[in-house]
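# Commentary on secondary and tertiary structure
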Amino acid sequence: MTLSKDTDTGLNVVPLWINGQNTTSTSARFPVYCFEQQKDVFLAESADKESATRAVDAALKAFKTWKKTPVIPRRNLLLKVASIVRARVEELVQAQREETSVIELWARKNVSLAADVVEEVASSLSSMRGEIPQTASEGSLALVLNEPIGPILTIAPWNSSIILALRAISTPIAAGCTVVLKASELCPRTHHLLAEIFEEAGLPAGVLNVVQTRREDAASITETIIAHPGIRKIDFIGSAPVGKLIGQVAAKYLKPILMELGGKGPAIVLDDADLEQAAKKCITGAFLHHGQLCFSTERIIVLEKIAPQFQELLRQEAAHFIPGSGAAEGLVDKSKDKLVDAEKKGAKFLIGGPSYGGIASLVPTILTGVTPEMEIYHEESFGPSVALFIARDDAHAIEIANDTPYGLNAAIHSKDMGRALDVAREIECAQVHINNMTAHDEPTLPVGGSRGSGWGRCNASWGLNEFVAPKLITLSATGNKFL
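In the annotation of an unreviewed UniProt entry, the protein is listed under the name Aldehyde dehydrogenase domain-containing protein and assigned to Oidiodendron maius.

Listed below in structure tokens is the structure:
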């Protein structure tokens, strides 16, 4: 899709993408600001209720034919999408860096992992099977078909803008559904590039539609889309506070929702761990991408026997770690405010503190003495900061790890796999990684949340099953003899 240029600012304008065409809005345009460069890099059309409704209408119309598309053409289209993603890597990296100030390493990882995910979804299509269950009625046959459920509203975040959006688009499309993507207002150009890639791969018009809106209109536009009778499910990836609001709207209109929300990822370091490796993984997990990941390490819990030695290793690792830039001033300020609150209530800083290390980044920070009265104890820091806790024994470490409303991910470091597995089974998280970072994802593994981190699973066949529903058909030549 060719971007138009705004005559007043000279900036390229990111359009709405509805039914295979660039579309403008009668509402307004909003600037897309690069925090690292301290300037606007794009303008974007802001969807109004009329254009949002047209996007759902297009998805509903396209669904009537797309759901009948055989599995092999769907698989081949996804494989072509993955190939184009790899071919356009430089463009996708540049877009991420322009809009959300990510470091190049993280931007490239987003692209490569996203392509892997699409290929895995394509290969998993053959796992989609129905059943022929036994019947109680003589002479009857029952068929249970897995059918695509219909148009999906996908709300994708900015912090892993390629991998999370592409996974959330490709999975329902693979299952035979159509999609309305609500692009993030922080990275609409990046998300629209994904629509370009699907178009280049040959996706029919209307199967994927993309809208974005300025923040002040987000609630009303989102409800307009959810309320539309054509939308059959919502896929939301984002923060818990926003997830609660969207969940309430979904319940109002009796729409199911797949949610992957925030986390408070604990990393437990047992006294038989490889301490140097554990320190590297804990620090990287905490500070990668300026801590702006739901899978970030938020709590490091170390047994007291090795605490002094491990604390020094953490200090050494953190001292030379470059966390990158924050994506927006408001996000960085909120993270800083949590540090200020913790300091006022008695927390100490092993390294760092509530201060900027650059024009768009906070300094890497390790806190000690964090207590439940502090905001950062329960809520995501969403910045390059992590709290250090000292546990008496394994049971105490588990207690600290589970003292949170979230249940997304965790890590355990130990050389004893039996002991680590015992601890892992007591951690109330949807995924636990032994001797790895909390921030770990693979295309072949189920990923999702539990408790306050959401529900449902993504990736491979687990993700595909979120977008199909069983339909029962019975066949009886003589009729049921129940009456």
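## Focus: the UniProt feature "domain: Aldehyde dehydrogenase" (unreviewed entry) in the protein
The residues that UniProt annotates with the feature "domain: Aldehyde dehydrogenase" (unreviewed entry) are residues 25-471. Along residues 25-471 the backbone is 42% helical and 21% strand, and the end-to-end C-alpha distance reaches 39 Å.

## Quick look at the packing of aromatic side chains
Inspection of every chain in the model, using the stated rule, returns three aromatic pairs. In this structure, lysine 233 packs its charged tip against the face of phenylalanine 467, placed 5.6 Å from the ring centre. The cationic tip of arginine 299 hangs over the ring face of tyrosine 377; the distance from NZ or CZ to the ring centre is 4.4 Å.

## A short note on the side chain of threonine 23
Looking at the secondary structure, you find threonine 23 in strand β4 (residues 21-23). Overall, threonine 23 belongs to the buried group, its relative accessible area being 12%. Dropping the residues within four chain positions of it, threonine 23 is found in contact with Pro15, Leu16, Ile18, Glu45 and Arg54.

## Some thoughts on the packing of helix α4 (residues 104-124) against helix α5 (residues 163-175)
Where α4 meets α5, the closest approach of the two axes is 9 Å, and the angle between their N-to-C directions is 15°. Between α4 and α5, the angle is such that the two are roughly parallel. Here α4 runs over α5; the crossing is right-handed. Contacts between α4 and α5 involve Asn110, Leu113, Ala114, Val117, Val118 and Val121 from the first element and Ile163, Leu166, Arg167, Ser170, Thr171 and Ala174 from the second. Along the lines of polarity and charge, the residues of the contact of α4 with α5 split into eight nonpolar, three polar and one charged.

## Some points on the nonpolar core
Within the largest apolar cluster, 60 residues are counted, with the highest numbers of intra-cluster contacts made by Val81, Ile173, Phe198 and Leu208. Of all the elements in the fold, those that place two or more residues in this core are α1 (49-66), α2 (71-87), α3 (89-100), α4, α5, β9 (179-182), α6 (188-201) and β10 (208-211). With ten residues, the top contributor of residues to this core is α4. Excluding anything up to four places from it in sequence, isoleucine 173 contacts Trp66, Arg74, Val179, Phe198, Leu203, Val207 and Leu208.

## Focus: unusual backbone geometry
Negative phi values dominate among residues other than glycine, just as trans dominates among peptide bonds. The backbone of asparagine 19 sits at a positive phi, close to 55°, despite the residue not being glycine. With respect to the secondary-structure elements, asparagine 19 resides in the loop between β3 (16-18) and β4. Notably, leucine 254 is not glycine yet its phi reads approximately 55°, a positive angle. For leucine 254, a relative accessible area of 76% corresponds to the exposed category.

## What to know about the sheet that holds strand β19 (residues 385-391)
Spatial strand order, β15-β18-β19-β14-β13-β20-β21: seven strands in an open sheet with mixed pairing. Two strands bound the open sheet, and with one partner strand each, they are β15 (348-351) and β21 (431-434). Each neighbouring strand pair of the sheet contributes to a mean axis angle of 25°, computed without reference to strand direction. Pairing analysis gives four bridges linking strand β20 (residues 409-413) to β21, with the strands arranged parallel. Considered in β21, the bridge of isoleucine 412 is made with isoleucine 434.

## Focus: the layout of surface pockets
Approximately 1,300 Å³ is the volume found for the largest pocket. Surrounding the largest pocket, 40 residues form its lining, Trp158, Arg215, Phe236, Ser239 and Val242 being those nearest its centre. Breaking the lining of the largest pocket down by element, the ones donating at least two residues are α7 (218-227), β11 (233-237), α8 (240-252) and α11 (329-344). Looking at the lining of the largest pocket residue by residue, the class counts come to 22 nonpolar, nine polar and nine charged. A domain-level breakdown of the lining of the largest pocket finds at least three residues from each of domain 1 (13-262 + 450-470) and domain 2 (266-434). In this structure, the second largest pocket occupies an estimated 520 Å³ of space. In terms of lining residues, the second largest pocket is bounded by 23 residues, among which Trp106, Leu113, Ala439, His440 and Asp441 are the most central. Classifying every residue of the lining of the second largest pocket by side-chain character gives twelve nonpolar, six polar and five charged. Counting contributing residues per domain, the lining of the second largest pocket is built from domain 1 (13-262 + 450-470) and domain 2 (266-434), each supplying no fewer than three.

What counts, and where the lines are drawn
- Residues numbered from 1 in each chain as written.
- Predicted model: local features only at pLDDT ≥ 70, side-chain atom pairs only at ≥ 80, totals over all residues.
- Heavy atoms only, no water.
- UniProt positions renumbered as here; feature names shortened; annotations may be inferred.
- Helix = DSSP H or I, 4+ residues; strand = E, 2+ residues; numbered from the N terminus.
- Phe/Tyr/Trp six-rings, centres within 6.5 Å; stacked < 30°, edge-to-face > 60°.
- Lys NZ or Arg CZ within 6 Å of the ring centre and 35° of its normal.
- Buried < 20%, exposed > 50% of the residue type's maximum accessible area, 1.4 Å probe, protein only.
- Contact = heavy atoms within 4.5 Å.
- Axes fitted to C-alpha atoms, helices over the stretch in contact; angles between N-to-C directions.
- Parallel < 35°, antiparallel > 145°, perpendicular 65-115°, else oblique.
- Left-handed = near helix turned anticlockwise from the far one by under 90°.
- Nonpolar A, V, L, I, M, F, W, Y, C, P; charged D, E, K, R; others polar.
- Core = buried A, V, L, I, M, F, W, Y, C linked by side-chain atoms within 4.5 Å.
- Pairing = 2+ DSSP bridges.
- 1 Å grid on protein atoms, 1.4 Å probe; cavity = no way out; pocket = protein on both sides within 12 Å on 5 of 7 lines; lining within 4 Å.
- Points joined across faces, edges and corners; volume = space filled by probe spheres on them.
- Domains from an automatic or database assignment.

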